[in-house]
Amino acid sequence: MTHITVRVDGTTYEDEVEPRLLLVHYLRDRLGLTGTPIGCDTSNCGTCTVDLDGATVKSCSVLAVQADGGEVTTVQGLAKDGEWTALQRAFHEQHGLQCGYCTPGMLMAARDLLRENPHPGSDEVRQALEGNLCRCTGYQNIVRAVLAASGPQASEEATA
Amino acid sequence: MTDQAVEHEIGRSRLRKEDARLVTGQTNWTDNIQVAGLLHLAILRSPMAHARIARIDVSPALERPGVVAAFSGADLAEGLGSLPCAWPVTEDIVLPDHPPIAVDEVRYAGDPVAVVVARDRYTAADALEAVEVDYDPLPPVLDLEAALAEGAPLVHAGKGTNRCYTWPLTTGEDFAAVRERAEVTLRRRYHQQRLIPNAMEPRAVVVTPLAAAGEYTVHSATQIPHILRIMLAVVTGIPEHKLRVIAPDVGGGFGSKLQVYGEEALALTVARRLGRPVKWTESRSEGYLATHHGRGMIQDVEIAATREGRLLGLKVDLIADMGAYLMLVTPGIPLLGAFMYPAIYKMDAYEFTCTGVFTTRTPTDAYRGAGRPEATFAIERTMDELAAELGLDPVEVRRRNWIRHEEFPYTSIAGLTYDSGHYEAATEKALALFGYDDLRAEQHVRNQRNDTVRLGIGVSTFTEMCGLAPSRVLGDLRYAAGGWEAASIRMLPTGKVEVVTGTSPHGQGHETCWSQIAADVLGVPFEDVEVVHGDTKAAPQGMDTYGSRSLVVGGEAVHRAAVKVVEKARKVAAHLLEASERDLEFSEGAFCVKGSPEARRTIQEIAFETFTSHGLPEGIEPSINAETLVDPENFSYPHGTHLCAVEVDTETGKVRIRSYVCVDDVGRVVNPMIVEGQVHGGVAQGIAQALYEEAVYDDQGNLVSGTMADYLVPSAADLPDFVTDRTETPADTNSMGVKGVGEAGTIASTPAVVNAVVDALRPLGVRDVRMPCSPHRIWQALHSARSGGAAGAGAGQSGEPGKETAA
Ligand code: FES
Ligand code: FES
C-alpha cells in the first residue's frame, strides 16, 4: 500500500492505495466520482480522459500513485457553481451527444484542444479527437460543438 | 413559455432533457452502482473455440485472500436453465441447449467455464488465474459451407447436424420460368463480414438480493428490461413478480443489449446462492468474445431482367452464421431481411432461402438494422451490377423499377404493404444536393486522364420495415412475443405530468421526444413533463427498445394515452363549465365554451379538480390518468436515397470519402435535431462496415481482432461531414404519421459506399471488392484485375457463387 495525496475537482483526498491501482478505478471505486466512465482496456476509446496537472491523460493508463501530489479535473469538476462551461453548453446545443457515454472524455479532450488552440478548424478538431471514440453521433455534431465553443471565452475557461 | 411554443412541440428541435446529467457526469451507468457488501464477479472463459472440459478445479482460487466463492459450470448447473431463444423460425429448427456457463464442452473462444466472486474487481480478476482447467481439443467449425457438408465436425454433436434451419419464401411467378424468358441474368456472391457492435458502454449487471423476501433487483445495461425480467424468471426459476429489472442510463446498444446474456443469469444465481449483492462488468476485450456479434452471412443473389433494365425476378440463397448458440432472436435476424431483398422494386418472381448454420464462433444476433442492411446491400450492389451490364446509369436503372408515388399503398412481392412513400422525390432532392451530374463529369475527365486517384459515385435507394411489429405478424413468424407497446400518462395534482413508457432508451432521446408528444397533445409546457422508463416496477409493461420501434409504437402509445387524458378532462370541463362536451373547444391547454372564451378551464385546473374530486360529474372516477397498449396495424416504411463520392488512390488502395449526401423520409418528424443525429450515427456505422470493421478469426477459431486496438472503430478523423436532408410523406398507419429513424443510416450507407468504391475501380476491370474495403483488399482487387484474374475477384470475392475462402 502506498500513501497518496491528490486533489480532485477541488477536494483533497488522502488514501492508501495498491501501487497497481489505476487512476480511473481510484476515481470511480474509491472516491465514488463515477462521472468518468471506462470504455476499453487498451487505451483506445478515450472515455476515461481527465486532466492531470494541466495535461490530458487517459486515466485508465495512469496509476493512482502517479497522481500523488497532483491535481485532477474530471468532467464533474467542469461546471462552476452550477454554471456549465461553454463546451458543455455547446455539446448540449449542437446535439453533440446521444447516449453520452463518450461525452466526459470528449469534453476533456476538446477542452485541452481549445486551451492550446482557441481557433481550430474542423480538421484540427477531428485530429485532436482521434483518441476518443463515439459510437452514436458519427462525430459531426461533436465537431460542431467544439467549433461553436472555440474562441477566447473557451480558452479562458479551459485554463481557469 | 408562450402559448405559441406550446402549440408546436411536435416538429421542433427541442434541446434534450437527457443532456444535463450526461454533460456534467451525473450519470447512472450500471457500473457506477455501489451497494454495501458488494462482491465482484469475474468469469473465466475458454481460450479454445471447441473442446471438451476434461477437468476443472476452482478450489485453488478459493485459497486467494479476498475471494469469497468460486464455481465451475457443474457447480452452478442445478436450477439454472437454458438461455432462451425466442424465435424458433421453423417447426423443425435445431434448438441446442444453451447453458449460461459451459458444463462439459466449450463451443467458442470466450464460452464461460468458471466464475470467481471476490471483494473487489482486481482480486476477482487475479483469482481467475488460479482456476485449473484441462481441455481436450475438438475440431473447430468455421467455414459456413463446409459445416453443411456430410461428415463435417459438429458444433452440437448430439444434434447430428450443423444445419440449424432452412427457411424458404417463394412468391409470385416461378423464378426458373422467369429466368428462362429474361434477356439478362446476373449472379453475384456477397459476404457480410461479422461485426462487433461496440456500444461504448460495456455490458454490466448488478444484482441486489433482498434475501428475506426472496426478491432481487437486477440493474443491467440492457435495451430490454421487461423482456429480460420474464426470461430471467424462466432461466433461474425465481418468480417473475419477485424480480425487478432496471435499465439505468445505458450507453448505447445497437442491438447488442437486446439480449438475455448468460452473465445476467450467472450474477443472479450467484447473488442468490450467496445472499449478497454481486456486480459483473465486462472488459472491452471480454466483450469482444462474449457480447453477440452482428451480420456474418454469405449471400448468393441472382436477378433476371429485360435489356431495358426492368427486373423480372430475384433469387436469394443465404447462409447465415448463427455462431455456437442461438441467442434471443438469432435465427430470426435473416428473416427480417428476407422481406427486404425486393426493396422498393417491382418484379414478378421472388425466391428466398435462408440456411442457418452453427459454427464455433461467438453467437450472432441483432446489430443495427438487423437483417435489413444485409438485404439492402445485396440488392443495391446488384442493381449497380445490372446498370454496368446494361451500360445504364445506376440511378436510371432504379428509376425504371421502383414503385411510383401514385401506386401507394403497394403490396411488395414479399407480401409487405408499403403504406406511403415517394422514392422519386427523395432521389431528386438527393441528386441535386450532391451535384450528381457535375461529379459524373469530373469522373469522366479523371478516367480519361487515367488519374491514379479515381473518383467513384455510389447510390443506394432503400426502404426498411420498422415499427416492430404487429403482434399477429410476429405470431405468423413464430416469434414468441407480441409487438405492442405500453404508455400511461399521470396528471399530477399540481398539473405536472408523468409519462410512463414501456420503451427503454439508450441514447435516442426518448425523454425529450415523449415530452414533446405529451406536451403537444395536453397543451402543457414541455418542461412540465417527466418521462419514466426502464424500471419494471415503475413501468410495469413494455416491449422495450430495438428495431426503430420506439417512436412508431411507443411514441404512438404516449400520443394515444394523452388523447385519452384530454377526452376525460373534457368531460370534467363540461361539467365545470356547465356546457355540453360538444360545445367545448380545447386549445393551448384549456377548454372553453365556443363563442365565449372567458368561460375557460385549463387542463392543470382540471387535474386539481379530479384530485380533490369535490365536484366531479356522476360516474367519473377521480384523477385523469390514462393507459394504452398499442399494437401496430402494420410496420412502417421509412425510405431514402443516399449518395456517396469516394476518391480511391489506386497506388495505395486508400479510400477517402469526398462527400456524403442523404435524403431520408422518416414520415412526420417529432424532433428534427434528434432525427439528424440518428442519421449521422447510423451512416457512420454503415460506413464503418463498408471500409473498416471486421471480426477476424484465425483457422483455429480464435478471434484475432480481439481488442479495440485490432478492430477498427472509426474515429472523428476517419469520417467526413454528412449532408442530410429529408422529405416527409407521413405514415398512414399511426396517428402521428411517424416511421422511425434509428437504423435508416446504417441500412443505406454501406451499399452506397461500396458501390462508390467499385464505381471508381470499374474502368480498371474491378467489379467487386469484399468488405471492409481496406487498402489491402482494394490493392488485391486491382492486382487481380490487372493480371486478368476473375474480373477483379479481389480478396476471395468471386463474382459467381463459389467457396468462401476466408473466415
Ligand atoms: S477506458 Fe481509458 S481509453 Fe478506454
Ligand atoms: S454519444 Fe454514445 S458513444 Fe458518444
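All values derive from a computational prediction rather than experimental measurement. Residue numbers here run from 1 along each chain, matching the order of that chain's written sequence. Naming scheme: in the order in which they are written, chains are lettered from A and ligands are numbered from 1. The predicted origin of the model limits local features to residues at a pLDDT of at least 70 and limits the giving and counting of side-chain atom pairs to 80 or more, whereas totals for whole chains, interfaces and linings rest on all residues. Side-chain numbers here rest on the full set of heavy atoms in the structure, without hydrogens or water.

A few words now on the UniProt feature "domain: Aldehyde oxidase/xanthine dehydrogenase a/b hammerhead" (unreviewed entry) in chain B. UniProt positions are given in the numbering used here, feature names are shortened, and annotations may be inferred rather than shown by experiment. Within the UniProt annotation, "domain: Aldehyde oxidase/xanthine dehydrogenase a/b hammerhead" (unreviewed entry) is assigned to residues 24–139 of chain B. A run of DSSP states H or I qualifies as a helix once it reaches four residues; a run of E qualifies as a strand once it reaches two. Both are numbered from the N-terminal end. With 15% helix and 30% strand, residues 24–139 of chain B has its two end C-alpha atoms placed 51 Å apart.

With that out of the way, let us pick up the environment of Thr652(B). Residues and elements named next belong to chain B. With respect to the secondary-structure elements, Thr652 resides in the loop between strand 26 (639–649) and strand 27 (655–665). The cut-offs for exposure are 20% and 50% of the maximum accessible area for each residue type, with area from a 1.4 Å probe on protein chains only; residues under the lower value are buried, those over the upper are exposed, and the others partly exposed. The exposure class of Thr652 is partly exposed, given its relative accessible area of 46%. The sequence separation of Thr652 and Ala271 amounts to 381 residues, and the corresponding C-alpha distance is 55 Å. Each polar contact in these results corresponds to two N or O atoms within 3.5 Å; when the atoms are within protein, one needs to be able to donate a hydrogen and the other to accept it, and residues that are neighboring in sequence are counted only if both atoms are side-chain atoms. A distance of 3.2 Å separates a polar atom in the side chain of Thr652 from the backbone nitrogen of Lys654.

With 46 residues of chain A in contact, the opposing surface of chain B contributes 56 residues. Both sides of the chain A and chain B interface together cover about 4400 Å² of buried area, and 54% of this is carbon and sulfur. Here, a salt bridge means any side-chain nitrogen of Lys or Arg that lies within 4 Å of a carboxyl oxygen of Asp or Glu. Linking chain A to chain B there are 6 salt bridges. With a shortest N-O distance of 2.8 Å, Arg28(A) and Asp31(B) are connected by a salt bridge. Here, residues are in contact when the closest pair of their heavy atoms is within 4.5 Å. The buried area of a pairing is the accessible area, by a 1.4 Å probe, that goes missing from both parts when the two are put together, added over both.

With that out of the way, let us pick up the pattern of salt bridges. One pass over the full model with this rule turns up 73 salt bridges over all chains. Here Asp51(A) and Arg111(A) are joined by a salt bridge, their closest N and O atoms 3.0 Å apart. Residue Asp51(A) is found in strand 3 (residues 49–52), and its partner Arg111(A) is found in helix 3 (residues 103–116); the two are separated by 60 residues along the sequence. In this pair, the class of Asp51(A) matches that of Arg111(A), namely buried. Here Arg181(B) and Asp348(B) are joined by a salt bridge, their closest N and O atoms 2.8 Å apart.

Glancing now at the domain arrangement of chain B. Residues and elements named next belong to chain B. For chain B, the assigned domains are domain 1 (18–25 + 484–630), domain 2 (34–138 + 200–252 + 257–290) and domain 3 (369–466 + 637–784). Bear in mind that the domain bounds are from an automatic or database domain assignment. Inter-centroid distance (C-alpha atoms) of domain 2 to domain 3 is 39 Å. Opposite the 8 residues of domain 2 that make contact, domain 3 presents 10 residues. Taking both sides of the interface into account, the surface hidden between domain 2 and domain 3 amounts to around 620 Å²; carbon and sulfur atoms contribute 65%. Applying the counting rule to domain 2 against domain 3 returns 0 salt bridges. Inspection of the domain 2/domain 3 interface yields 0 residue pairs in polar contact (both at pLDDT 80 or more). Asp, Glu, Lys and Arg are counted as charged, while Ala, Val, Leu, Ile, Met, Phe, Trp, Tyr, Cys and Pro are counted as nonpolar; the rest, among them Gly, fall into the polar class. For the side of domain 2 that touches domain 3, the residue count by class is 6 nonpolar, 1 polar and 1 charged.

A separate point is the sheet that holds strand 20 (residues 497–501) of chain B. Residues and elements named next belong to chain B. For two strands to be treated as a pair, DSSP must find at least two bridges joining them. With respect to topology, 4 strands assemble into an open sheet ordered 21-20-19-25, the strand pairing being mixed. Each edge of the open sheet is held by one strand with a lone partner, namely strand 21 (529–532) and strand 25 (626–630). Between one strand axis and the next, the sheet turns by 15° as a mean value, whatever way the strands run. Bridge count for strand 19 (residues 485–491) against strand 20 is 5 bridges, and the pairing is antiparallel. Counterpart to Met491 in the pairing with strand 20 is Val497. The strands touched by helix 16 (residues 510–522) are strand 19, strand 20 and strand 21; relative to strand 21, the strand with the most contacts, the crossing angle is about 130°. In this analysis an axis means a line fitted to C-alpha atoms, helices contributing only their contacting stretch, and an angle means the value between N-to-C directions, from 0 to 180 degrees.

Residue and element names in this part refer to chain B. The terminal C-alpha atoms of helix 13 (residues 423–434), which comprises 12 residues, lie 16 Å apart, in line with the 16 Å expected from a rise of 1.5 Å per residue. Buried-residue contacts for helix 13 involve helix 12 (394–399), strand 17 (417–418), helix 14 (436–449), strand 18 (453–463), strand 26 and strand 27. Positive backbone phi, at 75°, marks Gly435, one or two positions downstream of helix 13. Take the number of residues in a helix, subtract one, and multiply by 1.5 Å to get its expected span.

Let's shift gears to the packing of helix 17 (residues 550–576) of chain B against helix 18 (residues 603–612) of chain B. Residue and element names in this part refer to chain B. Here helix 17 crosses helix 18 at 80°, and the two axes come no closer than 10 Å. Relative to helix 18, helix 17 is oriented roughly perpendicular. For the pair formed by helix 17 and helix 18, the contact residues are Val565, Val566, Ala569, Val572, Ala573 and Leu576 on the first element and Ile603, Ile606, Glu609 and Thr610 on the second. When grouped by side-chain class, the residues that make up the contact of helix 17 with helix 18 number 8 nonpolar, 1 polar and 1 charged. For this classification, under 35 degrees means roughly parallel, over 145 means roughly antiparallel, 65 to 115 means roughly perpendicular, and everything else is oblique.

With that settled, the discussion passes to the nonpolar core. Residue types Ala, Val, Leu, Ile, Met, Phe, Trp, Tyr and Cys, when buried and joined through side-chain atoms within 4.5 Å, form a set referred to as a nonpolar core. Judged by nonpolar contacts, the single largest core of 195 residues is most densely connected at Phe91(A), Trp167(B), Phe352(B), Tyr660(B), Ile687(B) and Leu691(B). Counting residues per element, this core draws most heavily on helix 20 (residues 744–761) of chain B, at 8 residues. Those residues within four positions of Leu691(B) in sequence are excluded, and the remaining contacts are Val655(B), Ile657(B), Val753(B), Val757(B), Pro772(B), Cys773(B) and Ser774(B). Counting residues in hydrophobic clusters, the runner-up holds 46 residues, among them Ile489(B), Met491(B), Val529(B) and Ala557(B).

Let's shift gears to the packing of aromatic side chains. Residue and element names in this part refer to chain B. Working definition: rings of Phe, Tyr and Trp (its six-membered ring) pair if their centres are within 6.5 Å, and the pair is stacked with planes under 30 degrees apart, edge-to-face with planes over 60 apart, and tilted otherwise. Within the structure shown, the criterion is met by 15 aromatic pairs over all chains. For the pair Tyr190 and Phe377, a centre-to-centre distance of 5.7 Å together with 90° between the ring planes defines the contact as edge-to-face. With Tyr190 in strand 8 (residues 184–195) and Phe377 in helix 11 (residues 372–390), this pair connects stretches of sequence that are 187 residues apart. Through successive ring pairs, a cluster of aromatic residues spans Trp167, Phe339, Tyr341, Tyr350 and Phe352. Each ring is checked for a lysine NZ or an arginine CZ that lies within 6 Å of its centre and within 35 degrees of its normal; such an atom marks a charge sitting over the ring. Sitting above the plane of the Tyr261 ring, Arg203 keeps its charged end 3.4 Å from the centroid. Directly above the aromatic system of Tyr546 lies the positively charged group of Arg549, at a separation of 5.3 Å from the ring centroid.

Let us look at the environment of Thr30(B). Residue and element names in this part refer to chain B. With respect to the element layout, Thr30 can be found in the loop between helix 2 (19–23) and strand 1 (39–45). Taking the relative accessible area as the measure of exposure, Thr30 reaches 0% and is therefore buried. Taking the C-alpha atoms as reference points, Thr30 and Val250, 220 residues apart in sequence, are found 7.6 Å from one another. Leave out the neighbours within four places in its chain, and Thr30 touches Glu201, Ala204, Val205, Val206, His219, Ser220, Ala221, Pro248, Asp249 and Lys279. Within the structure, the side chain of Thr30 is placed 3.4 Å from the backbone nitrogen of Ala221, a separation counted as a polar contact.

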